[in-house]
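# Breakdown of the fold
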Amino acid sequence: MQEEFVEKRSDVIKNFLTLYRSLISGNNKTDVLDLYNNGVWFAVEKIGNKLFFGPSRFVGYKNNSIEIHKNNKNKDGRQTNKILSKRLLYSKIEDNEFLINQFQKFISPFMQKEIEKTKFFVPNNIDLSDFNANSACYFISPTHCPKFKKKAWNSFLNNEIMAIGWKDEDYSNSTAEEIKNSYPEKSPAIQAFKNIKDIKYGDIICTTNNNHGLWGIGVALSSYRYKKNIHFAGEDEQNNRCFYSHYVDVAWLSYDATKNEYIKSSDLKITEPETKWPPFGTLFKSQTIPGYILNYLFKENIENVNDMNDLKKYIELLKNKQQIILQGAPGTGKTYTAKNIAEQLIFDKVSLDKNKQASNLQSHKQFKLIQFHSAYTYEDFVRGIEVKTENGQPQYITRDKLFIEMAKKASADPEKKYILIIDEINRANLPAVLGELIYALEYRGEQVESMYAVNDDNRLTIPPNLYIIGTMNTADRSVGQIDYAIRRRFAFIDILPTSLQANFKKDLFIDISELFIKSYEEYEKNKILNPSIYLSDEFRVEDVWLGQSYFIINGKDEKDITQTRLQYEIIPILKEYIKDGIFKDVDGVKAKIKEIENKYSNQP
């Protein structure tokens, strides 16, 4: 029987990771879901920008696993609840609407659970507002002493900290500006102390081995702390023993525990446009958390886990209706979602590496992507006459075009699913482009007659295994609207902006979002779209709210990238929105835009 209870929060968080990795990998998933389904009390922790929930009956035991837990006779939670409170690790909270909504968001990709009676343990000395703070990622070298990196990393690991050196003075009550005055003007200590004073609960901490890889990845459990000589950094070139005293508590979650080696850069699977951390320096701050860090930490793309729940609904709708249109404002990921649907239907998976996804789809006979435009015609899409010269004489030949070619392939291969994505579907004159296919879309398998015959046969058929996904920009009123007859044959899905976990400028996203919705925090809680005071009554929030693509930050110099995005992408489209009458309080919007521009131009 298992009797060893958790002693510190890092023990609990490691159990969170065990449960979550099982959920997303499928290993022991049924047993894990039973734990969540039967649980009443759940501990809560923040890792990066995501809240994690774990049943107390599981996370309260040290180094727990599904196999161990199955043999545990005392696993109803009564003992672990006492331990979590008695050891002053967590405080009880009941009937909290914010936590209930967040728990629903966490568990819904995996199961449906009645959560009205759910109760929570939150970390002591943590305010609920801390759960909403945007998390950053920090890369730290464990030592400045040559040849002592492994020993210094082990000091981090054993003490469950990260630390920096310089003067043995307690800066707990000092601001970064006050600390700056204690060092020479160009001292690297200034930036290092500014960064360590910025660290807060939930931030991701990575210990570097120059550019070779990472010793470990963890999550910050505290802000800045001081304890004289808490970290042994090794011996310098003069054989002086070196200690660091400025530290942050860290739960180290991913590291090589067997060989005591670092995680190689190649194992992190870093793909463009993401880049590695700076190879030298003491402590580097990334405002956003790189996707490759989260992917390695959770052994799966965390965005993909959240997206899959929606993706399943879209796929079921597509299977039933056979043609859908993903509609939304610019940057909401309509084409991104369409490709994910196509890959899931064809390959039964969604690739984390989008370059690999593109390669897989482009070369596959069951997939096509085209983009409509104002000059697109029936003769380009369905059937048309081509002129061919033979012996100086023009020959007029009727040929099948892209859609009918794909329909014939699908008809000859009825067991497979064929996917056609039509990007910007409303930019063409749809009745003219589709012609008699408007009828055939609704009555799959029935023959219709084309105005053109190929080999003396003008009959056309759309097979039931050819699925059509259209995308449509709803903010652009200059393009054609879809008439009722065609609209009836498609299911329309609103694709809304969403906050991402990695490589994302969340604070800017929220500031811009509140030009369209009243309160992003309220939207996160209840998913109700209350329009802002700025938005014209003639426009739906869903149609114009700028999407997350505008706020994805990849690269080292995040300040430059943010300002570039603001100046050349975000502000220009907001100005176009003003011209188009999307905002009613023009002066108020202009003032708000100026306020945002000043805020991020002055941001360090």
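Above this text sits the structure in question.
My aim in this report is to walk through the structure given alongside it, one point at a time. (Residues numbered from 1 in each chain as written. Predicted model: local features only at pLDDT ≥ 70, side-chain atom pairs only at ≥ 80, totals over all residues. Heavy atoms only, no water.)

## Considering the overall build of the protein chain
- When you go through the protein chain residue by residue, the secondary structure sums to 23 helices and 21 strands.
- Across its three principal axes, the protein chain shows a C-alpha extent of roughly 95 × 60 × 55 Å.
- The buried share of the protein chain, reckoned over its 604 residues, is 53%.
- Long-range contacts, defined as pairs at least 24 residues apart, comprise 71% of the intrachain contacts of the protein chain with a sequence gap of at least 6.
- Accessible surface, the protein chain: about 28,300 Å² in total, of which carbon and sulfur atoms supply 45%.
- The protein chain carries 83 positive and 81 negative side-chain charges, and their two centres are separated by 5 Å. (Helix = DSSP H or I, 4+ residues; strand = E, 2+ residues; numbered from the N terminus. Buried < 20%, exposed > 50% of the residue type's maximum accessible area, 1.4 Å probe, protein only. Contact = heavy atoms within 4.5 Å. Areas by Shrake-Rupley, 256 points an atom, 1.4 Å probe, with all protein chains shown as cover. Lys, Arg positive; Asp, Glu negative; His and termini not counted. Charge placed at Lys NZ, Arg CZ, Asp CG, Glu CD.)

## What to know about the sheet that holds strand S3 (residues 90-94)
- One open sheet accounts for 4 strands, arranged S2-S1-S4-S3; its pairing is mixed. Either end of the sheet is taken by a strand with one partner, and the two such strands are strand S2 (50-55) and S3. Pairs of neighbouring strands in the sheet enclose a mean axial angle of 35 degrees, with direction left out of account.
- Pairing of strand S1 (residues 41-47) with S2, which is carried by 6 bridges, proceeds in the antiparallel orientation. Each residue of the ladder has a partner; that of Ile47, found in S2, is Lys50. (Pairing = 2+ DSSP bridges. Axes fitted to C-alpha atoms, helices over the stretch in contact; angles between N-to-C directions.)

## Side note on helix H13 (residues 354-362)
- If you check which residues of H13 are buried, you get Gln357, Asn360 and Leu361. For H13, the arc enclosing every buried residue in end-on projection is 90 degrees, short of the 170-degree limit, so these residues lie on one face. Facing away from the buried side of H13 by over 90 degrees, the exposed positions are Asn355 and Gln362.
- Residues of H13 that are buried make contact with helix H12 (334-347) and strand S14 (367-371). (Arc of directions from axis to C-beta.)

## Overview of the pairing of strand S8 (residues 213-220)
- Buried residues dominate S8, accounting for 8 of its 8 residues.
- Hairpin connection between strand S7 (residues 204-209) and S8: a loop of 3 residues separates the two successive antiparallel strands, and Asn210 in this loop has a positive phi of roughly 50 degrees.
- Bridge count for S8 against strand S11 (residues 263-264) is 2 bridges, and the pairing is antiparallel. Within S11, the position partnered with Gly213 by the bridge is Lys264.
- Bridge count for S8 against strand S10 (residues 241-255) is 5 bridges, and the pairing is antiparallel. Within S10, the position partnered with Gly218 by the bridge is Trp252.

## Details of the packing of aromatic side chains
- In this structure the tally under the stated criterion is 43 aromatic pairs.
- Ring centres 5.1 Å apart and planes at 35 degrees place the aromatic pair Phe381 and Phe403 in the tilted group. With Phe381 in helix H14 (residues 378-381) and Phe403 in helix H15 (residues 402-411), the pair connects residues that are 22 residues apart, well separated along the chain. Exposure class is identical for Phe381 and Phe403. Each is buried.
- Lying over the aromatic face of Tyr183, Lys167 brings its terminal NZ or CZ to 4.9 Å of the ring centre. (Phe/Tyr/Trp six-rings, centres within 6.5 Å; stacked < 30°, edge-to-face > 60°. Lys NZ or Arg CZ within 6 Å of the ring centre and 35° of its normal.)

## Quick look at the sheet that holds S14
- Spatially, 5 strands are ordered S14-S17-S20-S13-S21 in an open sheet, and the strand pairing comes out parallel. Bordering the open sheet on either side are S14 and strand S21 (491-494), each of which pairs with just one other strand. Strand-to-strand twist of the sheet, defined as the mean angle between neighbouring strand axes without regard to direction, takes the value 20 degrees.

## Looking at the packing of helix H1 (residues 9-25) against helix H10 (residues 291-298)
- Closest axis-to-axis distance for the H1/H10 pair is 9 Å, and the angle between their directions is 95 degrees. Taken as axis vectors, H1 and H10 run roughly perpendicular relative to one another. Here Leu17, Tyr20, Arg21 and Ile24 of H1 come into contact with H10, specifically with Tyr296, Leu297 and Phe298.
- Taken together, the residues of the contact of H1 with H10 sort by class into 6 nonpolar, no polar and 1 charged. (Parallel < 35°, antiparallel > 145°, perpendicular 65-115°, else oblique. Nonpolar A, V, L, I, M, F, W, Y, C, P; charged D, E, K, R; others polar.)

## A few points about helix H23 (residues 586-601)
- With 16 residues, H23 ought to run about 22 Å at 1.5 Å a step, and its terminal C-alpha atoms sit 22 Å apart, in line with that.
- Regarding H23, the residues found buried are Gly588, Val589, Lys592, Ile593, Ile596 and Tyr600. What you see down the axis of H23 is that its buried residues fit within an arc of 135 degrees, all on one side. (Expected span 1.5 Å × (residues − 1).)

## Focus on the pairing of strand S15 (residues 383-390)
- Pairing analysis gives 8 bridges linking S15 to strand S16 (residues 393-400), with the strands arranged antiparallel. Looking across to S16, one finds that Glu390 is bridged to Gln393.
- The loop that links S15 with its antiparallel partner S16 comprises 2 residues; one of these, Asn391, has a positive phi angle of about 55 degrees.

## Some points on the packing of helix H19 (residues 506-513) against H23
- At a closest axis distance of 11 Å, the pairing of H19 and H23 adopts a crossing angle of 170 degrees. Of the possible angle classes, the one that applies to H19 and H23 is roughly antiparallel. Every residue of H23 that contacts H19 at Asp507, Leu508, Asp511 and Ile512 is listed here: Lys592, Ile596, Lys599 and Tyr600.
- Taken together, the residues of the contact of H19 with H23 sort by class into 4 nonpolar, no polar and 4 charged.

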